[in-house]
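Descriptive analysis of the structure
Next come the chains, spelled out residue by residue.
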Amino acid sequence: MEWSATLRYLAALARANLRQAFARPGQAWTAIVMMFANNLLFLAIWVFYFARFRDLRGWALPDVALLYGVAAWSVGLLVALAAGVRDIGGAILGGGLDVHLGRPRHPLPSLVFSRSTPAGFGDMATSLVLWLAVAGRSLHELPFIIAMATAGSVIIGASLTIAHALVFWWPRAARLGEEVFNGMIMIAVYPQHVYGFAVRVALFTILPIGFVALLPVEAVREADPVRALIVFAAAAFYAALAVLVFNRGLRRYRSGNLITENR
Amino acid sequence: MTGARRCAGALLALAQLGWREAAAEWTTLAGRALVFALPVAIFAAIWDATPLAAITLPKHDAAHLVWYVTITEVIVFAMALPFREVEAEIRSGRIESKLTRPVPYTLAVFAEACGGGLLRFLALAAFGLALGFALTGTLPVHASALLPLLLAAWLGCVMGIAFQLAIGLATPWIGEASPLFWIWQKGLFVLGGLLLPLTLYPAGVTAVAWFTPFPAMLFLPAGLVFDDGAGAVAACLAQQAAWSAPIALGLALIDRRAMARFLRQGA
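Predicted, not measured: the structure shown is a model, and the values here were computed from it. (Residues numbered from 1 in each chain as written. Chains lettered and ligands numbered in written order. Predicted model: local features only at pLDDT ≥ 70, side-chain atom pairs only at ≥ 80, totals over all residues. Heavy atoms only, no water.)

**A look at the overall build of chain A**
Put simply, the rule reads: Helix and strand assignments come from DSSP, with helices taken as H or I runs of at least 4 residues and strands as E runs of at least 2, each series counted from the N terminus. Values of the radius of gyration come from C-alpha atoms, whereas the globule rule sets the reference at 2.2 Å times the count of residues to the power 0.38. Between two residues, a contact is recorded if the distance between any of their heavy atoms is within 4.5 Å. Method for areas: the Shrake-Rupley scheme with a 1.4 Å probe, in which residue coverage is limited to the protein chains shown. We score Asp and Glu as negative and Lys and Arg as positive, and we do not count His or the chain ends. The atoms used to mark charge sites are NZ of Lys, CZ of Arg, CG of Asp and CD of Glu.
From N to C terminus, chain A includes 13 helices and zero strands. Taken from the N to the C terminus, the helices and strands of chain A come in the order α-α-α-α-α-α-α-α-α-α-α-α-α. Its C-alpha atoms give chain A a radius of gyration of 19 Å, within 12% of the compact-globule value 18 Å for 263 residues. The dimensions of chain A, computed from C-alpha atoms along their principal axes, are 60 × 45 × 40 Å. Across chain A, every contact between residues at least 6 apart in sequence was considered, and the portion connecting residues at least 24 apart equals 75%. Carbon and sulfur atoms provide 66% of the accessible area of chain A, an area that totals close to 11800 Å². Taking the average place of the 22 positive charges on the side chains of chain A and the average place of its 13 negative ones, the gap between the two points comes to 7 Å.

Okay, structure coming up:
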């Protein structure tokens, strides 16, 4: 019962955000179309690369398209439904957290689901096109790929929550969350199988992009349920860690703590 | 003191303000340097894994290609996102108070963005030099060509700042400048040769790219790693100068139309 009530609550928040995001439909659709075109343009670099070189250590254009699609879905889903995750640090610093603390539920869901960015739907649309038209995946594989990419979305959201929650302890880290977001996107869209051991360890721990891009793509390529289970377990772990860090930080929160920022 | 000299003095002061603001945000700059290192390190690994032996073009080995990406990334990261400030000021209406100042708004924002951009450029260039050397064990160009390389890269950065201001000033017509920026940015990345030099592109795409200003912003300065002779440097600077004129003219035109609109109907 508790779970279904929480899901209904989250769905209601998402619906409200979407209504707000599409209040100006022209702008929202422009953003979606532009993001779609933006992604396809970026993929052109890989088209040129593979026109010149046959493969990249066993990967060809369809593999990169699969990877790019997974990364785009992970980021797109996050910003389409839960763009508020990028505002957590600002809300903590500016005292905006008070609004969410005044509600009868845990403040994190309402904070995370407080904003929707329509461009995220452009990312998601790109993913479908890349998976089906460029990566050569079939329709019956889609649910599995989407599940993998959605788990990646949870991991990115959790990582951002942790980065933003550092503001509770270190007010100057307000922009760190955005840098982490940009960094994660930047790594996720490039093939990671070419990295050495040390970098791979970092990608599965400090900045867990390996669980967002490399492992899901390998799970799909090899149709490997073990790798898929690892991705889901990582999503659950990082989500729990994010809640834990946020709760610890919340104990330090003082209303309207702009004073802390300026100290 | 003439009006022009007063205006120049004000613009210099604004550039210094931009420099100081960027210096004050050193934590952001440090974070940016780390994010900047990512694509360089990523492409160092990618070029290392690429069968480059098939390429017959001069100096197109892994070390020079890593230097190429390092330079293009310095340019892109140093210019930052000044369009966002213009967009935010227009959308919030704050621009109206700035229009009453004696210095033209767009020139003032340009000077401030260049001041901050120069600090970021020098810091990232120094960091990039260390990073590139650590990854390749070589220098990007012959020591005598380092200064021209820096100048050409900085010019590419300034051209990008001017472009971005024009995008920001388009906000009143398009509502939100970000989507237009994404397309421009990807045009810069693809047709400018952010990650792959144009010399590795299919011939048809390269031909199209040369009709745009993007190669002058990225490929030409970074391409000096493949040919740092006096002729290549001169050709690079001449093309940058040739493209700077239409970019400045375009910015002036959109500025005029935007200012006329603000004065007529507000932000």
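**Overview of the packing of aromatic side chains**
Which entries qualify depends on this criterion: Only Phe, Tyr and Trp rings are paired, with Trp represented by its six-membered ring, and only when their centres lie within 6.5 Å; those with planes under 30 degrees apart are stacked, over 60 edge-to-face, the remainder tilted. Charges are assigned to positions over rings by a cutoff of 6 Å between ring centre and Lys NZ or Arg CZ, combined with an angular limit of 35 degrees from the ring normal.
Here the structure, examined in full by the defined rule, presents 33 aromatic pairs over all chains. Measuring from ring centre to ring centre gives 6.1 Å for Phe 22 of chain A and Trp 29 of chain A, while their planes differ by 65°; the resulting arrangement is edge-to-face. Joined through ring pairs, the aromatic side chains of Phe 42, Trp 46, Tyr 49, Phe 50, Phe 53, Tyr 68 and Tyr 190 of chain A together with Phe 43 and Trp 47 of chain B make up one cluster. One Lys or Arg, Arg 105 of chain A, reaches over the ring of Tyr 9 of chain A and ends 4.6 Å from the middle of that ring.

**Considering the layout of surface pockets**
Residues and elements named next belong to chain A. Applied cut-off: Cavities and pockets are defined on a 1 Å grid built over the protein atoms alone: a cavity is a set of grid points where a 1.4 Å probe fits but cannot escape, while a pocket is an open set with protein on both sides within 12 Å along at least five of seven lines, and lining residues are those with an atom within 4 Å of any such point. Grid points are joined across faces, edges and corners, and a volume is the space filled by probe spheres set on the points. All amino acids are sorted into three groups, where Ala, Val, Leu, Ile, Met, Phe, Trp, Tyr, Cys and Pro are nonpolar, Asp, Glu, Lys and Arg are charged, and the leftover types, Gly among them, are polar.
For the second largest pocket, the calculated volume is near 790 Å³. Taken together, 26 residues form the lining of the second largest pocket, with Leu 10, Pro 109, Val 112, Phe 113 and Ala 239 sitting closest to its centre. For the lining of the second largest pocket, the elements supplying multiple residues, two or more each, are helix 1 (2-21), helix 3 (61-82), helix 6 (107-112), helix 8 (142-165) and helix 12 (225-250). The class makeup of the residues in the lining of the second largest pocket is 18 nonpolar, six polar and two charged.

**Quick word on the nonpolar core**
The following threshold applies: Buried Ala, Val, Leu, Ile, Met, Phe, Trp, Tyr and Cys residues that are joined via side-chain atoms within 4.5 Å together make up what is termed a nonpolar core. The buried label goes to any residue with under 20% of its type's maximum accessible area, the exposed label to any with over 50%, and the partly exposed label to all in between, with areas taken from a 1.4 Å probe on protein chains only.
In this structure, Trp 46, Tyr 49 and Tyr 190 of chain A together with Phe 43, Trp 47, Trp 184 and Leu 188 of chain B are the most contacted members of the largest nonpolar core, which totals 179 residues. Residues contacting Trp 184 of chain B, with those up to four places away along its chain left out, are Met 79, Gly 160, Phe 163, Gln 164, Ile 167, Phe 214 and Met 217 of chain B. In this structure, Leu 11, Leu 14, Val 103 and Ala 108 of chain B belong to the second largest nonpolar core, which totals five residues.

**Some details on the interface of chain A and chain B**
Defined as follows: What gets called buried area is simply the loss in accessible area from a 1.4 Å probe that two parts show on being joined, summed for both. We define a salt bridge as a contact between a side-chain nitrogen of Lys or Arg and a carboxyl oxygen of Asp or Glu at a distance within 4 Å. In the analysis that follows, any N or O atom pair within 3.5 Å is treated as a polar contact, provided that within protein one partner can donate a hydrogen and the other can accept it, and provided that, for residues neighboring in sequence, both atoms belong to side chains.
Facing the 31 residues of chain A at the interface are 40 residues of chain B. Here chain A and chain B share an interface that buries about 3100 Å² over both sides, 75% of which is from carbon and sulfur atoms. At the boundary of chain A and chain B, one finds zero salt bridges. If you look at where chain A meets chain B, you find four residue pairs in polar contact (both at pLDDT 80 or more).

None of the figures reported here should be taken as evidence of function without further support.
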